[in-house]
Amino acid sequence: SIENDVAKVAKKIEDVQAWLADPKNLDEQMDRLNDVRRHVVMDYPFLGSKAMQADFEFSTEIPTAATDGRKLLFNPMFVALLKFSFVLFTVIHEYLHQVLGHHVRRGNRGPKLWNIACDHVVNRIIKQFMRIPDDVYYDERFDDFSEEQIYSILAEESKQEPEDDGRIVEHWPTGE
């Protein structure tokens, strides 16, 4: 899984804290994110305005990436690990969470299950114009359903918040 790969990168870097403290390393990863932003603007103009408005920020409090509806948060070690195509997928994925208003539509739904339901929709959209990774949430059976409908189905099937199954799930920075 991607989180296991992040751990492998961390092992390769002898002193993770020193790597994270070196502005050169963080600048290099931010440059990669800005390259992706330019690519999104040029190749996916329907996301261009969101791409230009979104602020990128690094956080080591999350294992991969997340959004709070305003900022796109990335773990710099996660970005360092990824090939360009996966950074592109991740940025577009987070943009779509913003565009679809997932951060304001959750209501009193459980955050983890809500995010999984939203991931199914986001990845369904992305699948229309680019390849999606194998280890993300996407199931064809949900192709005709909204996030709210998917959440209800998943809640009924699980009767509880799902356990970690190794797939990529953002951690919504809501303080919960």
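Report on the accompanying structure.

What counts and what doesn't
Residues numbered from 1 in each chain as written. Predicted model: local features only at pLDDT ≥ 70, side-chain atom pairs only at ≥ 80, totals over all residues. Heavy atoms only, no water. Helix = DSSP H or I, 4+ residues; strand = E, 2+ residues; numbered from the N terminus. Buried < 20%, exposed > 50% of the residue type's maximum accessible area, 1.4 Å probe, protein only. Contact = heavy atoms within 4.5 Å. Areas by Shrake-Rupley, 256 points an atom, 1.4 Å probe, with all protein chains shown as cover. Axes fitted to C-alpha atoms, helices over the stretch in contact; angles between N-to-C directions. Parallel < 35°, antiparallel > 145°, perpendicular 65-115°, else oblique. Left-handed = near helix turned anticlockwise from the far one by under 90°. Nonpolar A, V, L, I, M, F, W, Y, C, P; charged D, E, K, R; others polar.

1. A word on the overall build of the protein chain
Alright, step 1. Along its length, the protein chain carries nine helices and three strands.
Alright, step 2. Sequence-ordered secondary structure for the protein chain, helices as α and strands as β, is α-α-α-α-β-β-β-α-α-α-α-α.
Alright, step 3. For the protein chain, buried positions account for 47% of its 176 residues.
Alright, step 4. Counted over contacts in the protein chain with a minimum sequence separation of 6, partners at least 24 positions apart contribute 66%.
Alright, step 5. Here the protein chain has roughly 9400 Å² of accessible surface; of this, 50% comes from carbon and sulfur atoms.

2. What about the packing of helix H8 (residues 111–126) against helix H9 (residues 147–158)?
Alright, step 1. The N-to-C vectors of H8 and H9 enclose an angle of 130°; their axes lie 8 Å apart at closest approach. Compared by their axis directions, H8 and H9 come out oblique. Crossing geometry of H8 relative to H9 is assigned as right-handed. Residues Leu113, Trp114, Ile116, Ala117, Cys118, His120 and Val121 of H8 pack against Glu147, Glu148, Ile150, Tyr151, Leu154, Ala155 and Ser158 of H9.
Alright, step 2. Residue classes in the contact of H8 with H9 are distributed as ten nonpolar, two polar and two charged.

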